[in-house]
Amino acid sequence: MRSSSRNMLLIAPGLGWLALFMVIPCVLIFMLSFFERGMYGGVDYNFNLENFVRAMDPIYLGILLDSIYIAGTATIVAILLAYPAAYAISLSPRKKQTTYLFFIMLPFWSNYLIRTYAWIVLLNREGLINNGLESIGVISEPLNLLYNEFAVITGLVYNYLPFVVLAIYSSISKLNPEVREASEDLGAPAWKTFLRVTLPLTAPGVAAGAVFVFVLSIGNFITPDLLGGGRLQMVGNLIYDQFLSARDWPFGATLSFILIGIMMMLLFAQAVIVNRGQIEKHEAKEEDVSSMNFSRQSLNEKEKSYA
Amino acid sequence: MKLLKSLGATALMLSASFSAQTTWADKLVISNWDGYMPADMVERFKKETGIDAEVALHATNEEIMGKVVASKGKGYDVLFVSSPFVEVLNKLDLIAKLDHKLIPNTKNLYSQANELNYDKGNKVSMPYAWGTTGLCYRADLMDEPTSWNDLLKPNDALKGKVTMLSTDRWLMAAGFLSLGYSVNSTNPSEIAEAKQVLKSAKKSILAYDDATFYAKLVSGEATMTHAWDGWCNYGTAENPNIKYVIPKEGTDMYVDSMVITKNSKMKKEAHAFINYVLSKEIGVWIVNNVMYKTPNEAAMSSIDPAMMKAYPNLAMSPDEILKQEQLRDLGKTQKAYTKAVTEILASN
C-alpha cells in the first residue's frame with residue numbers, strides 16, 4: 001500500500017505534465033476541428049463536420065501521400081546510414097564509444113535553422129559544392145541540388161540521423177554477445193548471424209529510430225520551406241499555412257488531428273514491435289539452453305508475419 | 001454543444017495567454033515585425049518621454065492576428081499591421097478610435113495619407129510605411145522587365161532564375177495582375193484562371209521566397225524576384241545593380257499601420273508612442289535604417305538626396321504609390337484563395 005502510494009507520487013508530476021501539455025491541447029484541437037473559420041479569421045462555434053469533408057479533397061490526400069513518400073524515403077536512407085555506424089560504434093572499445101557518440105550528438109549544439117541554412121550555402125547553384133565541382137572541371141553547368149525533393153530528403157536525413165544512430169546503438173549494445181557467439185559456434189557464417197540473429201534482435205531499435213525520423217519528418221515544415229524553396233508542400237506546411245496564413249484554425253486543427261491519428265497508429269505499431277522483442281529477450285534468458293532454437297523459431301514466425 | 005463551445009473558446013484563450021506577453025502594468029507593449037523598426041527606438045522613446053516600452057515581435061500579419069483575436073488584444077497596446085488587417089481588427093471591434101489631439105504629429109503626414117480607403121481620416125490607424133510590390137532584378141544580367149508575364153512566363157535565359165512570394169495575397173496578385181484582374185478579385189472563375197497561370201509559372205521558378213529573395217539576387221542564384229520595394233533596397237545596398245520596377249499592368253500598394261488595441265490599459269502612452277514615431281526626426285531615422293518609404297512628408301523631404309539616388313524607389317511619390325490598388329480583406333473568399341495557393345504550391 002505504502003509503496004503504491006509512493007509510486008503514485010513519483011508518477012504524478014510526469015503524468016500531470018503530459019496531461020496538461022499534451023492531452024489537453026490534443027483534446028482542444030479535436031474540439032476545434034468541428035467548428036468553422038469566422039468571417040474575419042476567428043472561430044465560429046457552430047458544430048459541423050465540414051472540415052472533415054474538406055480534408056477528404058484529393059489535393060490534401062495528394063499532399064499526405066507526398067509527405068509519406070518523402071518522410072519514408074528519409075527514414076530508409078537514415079536507417080541505411082545509421083545502422084552500420086551504430087554497429088561499428090558498438091564494436092569499438094568502450095572509451096572510444098563515448099567519443100564517437102559525442103561526435104554524433106555534436107550537430108545538436110547549433111541551431112536547427114542555422115544548420116538548415118548551411119545546407120543552402122552548400123547546395124545552391126553558386127554554392128560550395130557546385131563551385132568546387134566546376135573549378136576542378138567535373139561539371140560545366142551548375143547542378144540543381146537545391147529547392148527540390150533531393151535537398152529536402154538530404155536535410156531531413158541529416159537532421160534526424162543522430163537520433164537513429166543512438167536508438168540503434170542502444171539496442172545493439174544491449175544485445176548479449178553470447179547470442180552471436182552461439183550462432184557462430186553452431187556454424188553460421190557472419191552474414192547469416194547478422195541477418196538472422198543480430199538484425200532481428202535489434203529490430204526494436206531500428207523501429208524506434210524509424211518512427212522517430214518518420215514522425216518528425218512528416219510534420220516538419222521548415223526544411224521543405226527552406227531547402228525545398230517552398231516548391232514542395234508537405235502536411236506540416238499545409239497545417240502551418242492554415243494556422244498562420246489562412247487563419248483557418250478549425251481546418252488546421254482538423255488536418256492536425258488526422259496527422260496525429262496517423263502518428264498514433266505508427267507509435268502503436270512500434271510499441272508492438274518493441275514489446276515483442278522484449279518478450280523474446282526475456283524468454284531467451286530464462287531458457288538459455290533452448291535460446292538459439294527459440295530465436296530461430298521466432299525468426300521464422302517473424303519472417304512469416306513480415307511477408 | 002454548449003460544453004463544446006466553451007471548450008473551444010478555452011482553447012483559444014489558452015493559446016492566447018501562452019503567446020501574449022505577460023507584462024507589468026506600466027510597460028507599453030508594442031508588437032512589430034522583426035527589423036522593421038530601428039533597434040534602439042524603444043530606448044530613445046523612453047529617454048524622451050519617460051515611458052517604458054517593450055517590443056514583441058511577430059513574423060507575419062497572420063501571426064499577430066491570431067494572437068490578438070484569441071486574446072481580444074489583451075497584453076498588447078500598439079500593433080503594427082498591414083492595411084487589410086486594420087480593416088479586420090476594426091470590424092472585430094478590437095482596436096480603439098484614435099484621439100488625434102494626442103497625435104499632433106499627424107501634421108507631418110502627406111495629405112494623401114489621410115485618404116486611405118481602408119480607414120478614411122485615419123480614425124483607427126496611423127500609417128507607418130507604405131510601398132508597392134513589384135519586380136526586383138539584376139540590371140547587369142537582364143533587360144528591365146516590363147510585365148508580370150516576364151516573371152510568370154520567363155524567357156529561356158531566366159528559367160529557373162526567378163523567385164516568387166508565396167504569401168497567398170501576393171502570389172495570387174501576380175496572377176490576377178497578369179490577366180488584368182483586380183488583386184481583390186472574388187470572382188471564382190478569375191481565381192481559377194489565376195491559379196492556372198500560377199501553376200504553369202511554378203515550372204520555371206527557382207523557389208518561393210518571402211524572406212531572403214534579395215540575398216539570392218546578391219549571390220546570383222536568382223536574376224529576378226517578386227519583391228516588396230523596401231526589401232529590394234536591402235539587395236541594392238549590397239549591389240547597386242539590383243533595381244526595382246513596377247510592371248506596366250500595375251500592382252498592389254501596401255500600407256503598414258499602427259493601431260491601438262481596444263483593451264489597452266495605456267491608451268495615452270500608446271498615443272504618445274505613435275506621435276513619437278510620426279515626428280520628423282524619427283521618420284528620417286526610420287527611412288535611413290529600414291529603407292522603407294514612410295507617409296511622413298516632413299521626414300521624406302529631409303532625406304539625404306544621395307540616399308534617394310542610391311535607392312530610387314524611395315523617391316516614389318505618394319501619388320504614384322496611391323495609383324496602385326489597395327489590398328482589402330476578402331472575408332469568406334479567403335478560403336478560396338488559400339485552397340488555390342495550396343494547389344499551386346503542391347502541384348508538380
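So, how was this worked out
Residues numbered from 1 in each chain as written. Chains lettered and ligands numbered in written order. Predicted model: local features only at pLDDT ≥ 70, side-chain atom pairs only at ≥ 80, totals over all residues. Helix = DSSP H or I, 4+ residues; strand = E, 2+ residues; numbered from the N terminus. Buried ≥ 20, exposed ≤ 12 C-beta atoms within 10 Å, placed from the backbone. Contact = placed C-beta atoms within 7 Å. Rg over C-alpha atoms; globule rule 2.2 N^0.38 Å. Domains from an automatic or database assignment. Nonpolar A, V, L, I, M, F, W, Y, C, P; charged D, E, K, R; others polar.

Chemist: How should I be thinking about the overall build of chain A in this particular structure?
Modeler: Along its length, chain A carries 14 helices and two strands. Scored against the burial criterion, the 307 residues of chain A give a buried share of 35%. Residue pairs in contact within chain A that sit at least 24 positions apart in sequence constitute 71% of those at least 6 positions apart.

Chemist: Mind showing me how you'd approach the overall build of chain B here?
Modeler: The number of helices and strands found in chain B is 15 helices and ten strands. Against the compact-globule benchmark of 20 Å for 348 residues, chain B has a radius of gyration of 21 Å, which places it among compact chains. Out of the 348 residues belonging to chain B, those deemed buried represent 51%. Taking contacts inside chain B between residues at least 6 apart in sequence as the whole, the part at least 24 apart equals 75%.

Chemist: Teacher, can you tell me more about unusual backbone geometry here?
Modeler: Peptide bonds are mostly trans, and most non-glycine residues show a negative phi. A positive phi is found at Tyr 147 of chain A, a non-glycine position, where the angle reads about 60°. Within the secondary structure, Tyr 147 of chain A sits in the loop between α6 (128-135) and α7 (149-173). We classify Tyr 147 of chain A as buried; it has 27 C-beta atoms within 10 Å. In this model, Asp 93 of chain B sits at a positive phi of 60°, which is unusual for a non-glycine residue.

Chemist: Just to check I follow, could you spell out the domain arrangement of chain B for this structure?
Modeler: Many analyses report the size of an interface as the accessible area lost when the parts associate. Residues and elements named next belong to chain B. In terms of domain boundaries, chain B breaks down into domain 1 (2-130 + 254-314) and domain 2 (131-252 + 327-346). The C-alpha centroid of domain 2 is placed 27 Å from the C-alpha centroid of domain 1. Taken together, the contact pairs 14 residues of domain 1 with twelve residues of domain 2. For the side of domain 1 that touches domain 2, the secondary-structure elements that each account for two or more residues are α4 (83-91) and β4 (126-138). Looking at the side of domain 1 that touches domain 2, the element that brings in the most residues is α4, giving four residues. When its residues are assigned to classes, the side of domain 1 that touches domain 2 shows ten nonpolar, two polar and two charged.

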